[in-house]
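Structure assessment
These are the residues of each chain, in order.
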Amino acid sequence: MNTPAQSIVLVGTAYSGSTILGMALNSAKNNATYIGELSRSHGLFEKYQLDREPGVCSACQIEQKNCPIYTDNLFQKFGNKTPTEIHKYLIKHLKTKTVIDASKHIAWVRLLAQETPTEKIKVIITVKNPKNYVQSCLDRGTDTAWQAANAWRDTYIDILRTLNRLGIAYYVVRNESYIANTEQTMKGVWNFLHFQPTKYSQEKQVHAIGGNPAARITEVGNRNILETAKRLGQQLFDLNPQKASPLSKQKISYDTQVLFDTPGLNDLANLLGYEVKDIV
Ligand SMILES: [Zn+2]
């Protein structure tokens, strides 16, 4: 019963905290390896078209180094393989028992479930409350408020519906809870995964595909992150969102209204564990 999963997949919207959680779950003690956003690696990015940008190892990208693990040679091997075959390949190649895949898309889980027995897959749903998610999108100019609110709702409906339909075990991690009380939140996650609790050292470099480079700030230092953000365009990074220009009162009330005007959004936030104070 307590056999660890072969594949742990993190699903959710952008800015939901999957990189920081994935790195926290990377654990030699539990023989589990965080591989990052596998669907963004070259070959799979082109084949499945689930992502906006391809991804390489962000730890090495920030330091402008060639990654010793996620090499072009490795990515070439992915091309003709299915997600299940790649997970099995990586388990052997990385000498690990479990891969932690933060591809984020529920479509990726559907692909995996075609060939992996569902009891070998565990999913962690990472979520940021809809108000903060809409704010993150507005700060980066990626969506309007109503587009972001609709995307948030549709993403989590599809996630819950698919996981219930396929019978895959899942656990919800709210980004706000993780930040406010990491230890307590991780207790639940370790328990769900049947993992021994381990301490995550932010000083230790974790090689992984894509992800949010801002989650690596203490790992590689602020300077490199800021330089990379500038070089690559900040839009894709959840970098210093608190420093974004403050919205006018009129704009805030408009955006909050959008949340209440989006059918089903508040019920869904409630179902994912949020309270009214988190939304208003
Ligand atoms: Zn690397």
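Residues numbered from 1 in each chain as written. Predicted model: local features only at pLDDT ≥ 70, side-chain atom pairs only at ≥ 80, totals over all residues.

**Looking at helix α6 (residues 106–115)**
Taken together, the buried positions of α6 are Ile-106, Trp-108, Val-109, Leu-112 and Ala-113. One face of α6 carries all of its buried residues, which in axial projection span an arc of 145°. In α6, the exposed residues that point more than 90 degrees away from the buried face are Gln-114 and Glu-115. If you follow the buried residues of α6, they end up packed against β1 (7–11), α5 (83–93), β3 (98–104), β4 (121–127) and α8 (145–166). (Buried ≥ 20, exposed ≤ 12 C-beta atoms within 10 Å, placed from the backbone. Helix = DSSP H or I, 4+ residues; strand = E, 2+ residues; numbered from the N terminus. Arc of directions from axis to C-beta. Contact = placed C-beta atoms within 7 Å.)

**Regarding the confidence of the model for the protein chain**
The pLDDT averaged across the protein chain works out to 87; a share of 85% of its residues lies at or above 70. Segment residues 240–244 is flagged for pLDDT under 50; beyond a separation of four residues in sequence, or across chains, it makes three contacts in the model. (pLDDT = per-residue confidence, 0-100.)

**Description of the sheet that holds strand β5 (residues 169–174)**
Judged by pairing direction, the sheet is parallel, and its five strands sit side by side in the order β2-β3-β1-β4-β5 without closing on themselves. The two strands at the open ends of the sheet, each matched to only one other strand, are β2 (32–36) and β5. With direction set aside, neighbouring strand axes in the sheet form an average angle of 20°. Pairing analysis gives six bridges linking β4 to β5, with the strands arranged parallel. In the sheet register, Ile-125 faces β5, and the bridge partner there is Val-172. Running over the sheet, helix α1 (residues 18–25) touches β1, β2, β3, β4 and β5 and is turned about 180° from β3. (Pairing = 2+ DSSP bridges. Axes fitted to C-alpha atoms, helices over the stretch in contact; angles between N-to-C directions.)

**Overview of the nonpolar core**
Membership of the largest hydrophobic core comes to 64 residues, with the highest contact counts inside it found for Val-9, Val-109 and Val-123. Residue contributions to this core peak at seven residues, all from α8. In this structure Val-109 touches Val-9, Val-11, Val-123, Thr-162 and Ile-168, once residues within four positions along its chain are discounted. (Core = buried A, V, L, I, M, F, W, Y, C linked by C-beta atoms within 7 Å.)

**Focus: the pairing of β4**
Summarising burial for β4: seven of the seven residues are buried, a large majority. Where β1 meets β4, five bridges bridge the pair, whose relative direction is parallel. Across the sheet, residue Val-11 finds its bridge partner in β4, namely Ile-125.

**Some points on the packing of α6 against α8**
Packed helix pairs are characterised by how far apart their axes lie and by the angle those axes make with each other. In contact at an axis separation of 10 Å, α6 and α8 are set at 15° when each is read in the N-to-C sense. One element, α6, and the other, α8, form an angle in the roughly parallel class. Like other packed secondary-structure pairs, α6 and α8 cross with a definite hand, here left-handed. The residues of α8 that touch α6, namely those facing Ile-106, Val-109, Arg-110 and Ala-113, are Asp-158, Ile-159, Thr-162 and Leu-166. Tallied by class, the residues present in the contact of α6 with α8 amount to five nonpolar, one polar and two charged. (Parallel < 35°, antiparallel > 145°, perpendicular 65-115°, else oblique. Left-handed = near helix turned anticlockwise from the far one by under 90°. Nonpolar A, V, L, I, M, F, W, Y, C, P; charged D, E, K, R; others polar.)

**Quick notes on α8**
The end-to-end C-alpha separation of α8 is 32 Å, in line with the 32 Å expected for 22 residues at 1.5 Å each. Residues Ala-145, Ala-148, Ala-149, Trp-152, Arg-153, Thr-155, Tyr-156, Ile-159 and Leu-163 constitute the buried set of α8. Here the buried residues of α8 occupy an arc of 160° about the axis, which is enough to place them on one side. Those residues of α8 that are exposed and aimed more than 90 degrees away from the buried face are Arg-161 and Arg-165. (Expected span 1.5 Å × (residues − 1).)

**Here we look at the packing of helix α7 (residues 130–140) against α8**
Across the interface, α7 lies against α8 with an axial gap of 9 Å and an inter-helix angle of 130°. The orientation of α7 with respect to α8, classified from their angle, is oblique. Pair α7 / α8 crosses with right-handed handedness. Along its contact with α7, which presents Pro-130, Tyr-133, Val-134, Cys-137 and Leu-138, the element α8 presents Ala-145, Ala-148, Ala-149 and Trp-152. Residue classes in the contact of α7 with α8 are distributed as nine nonpolar, no polar and no charged.

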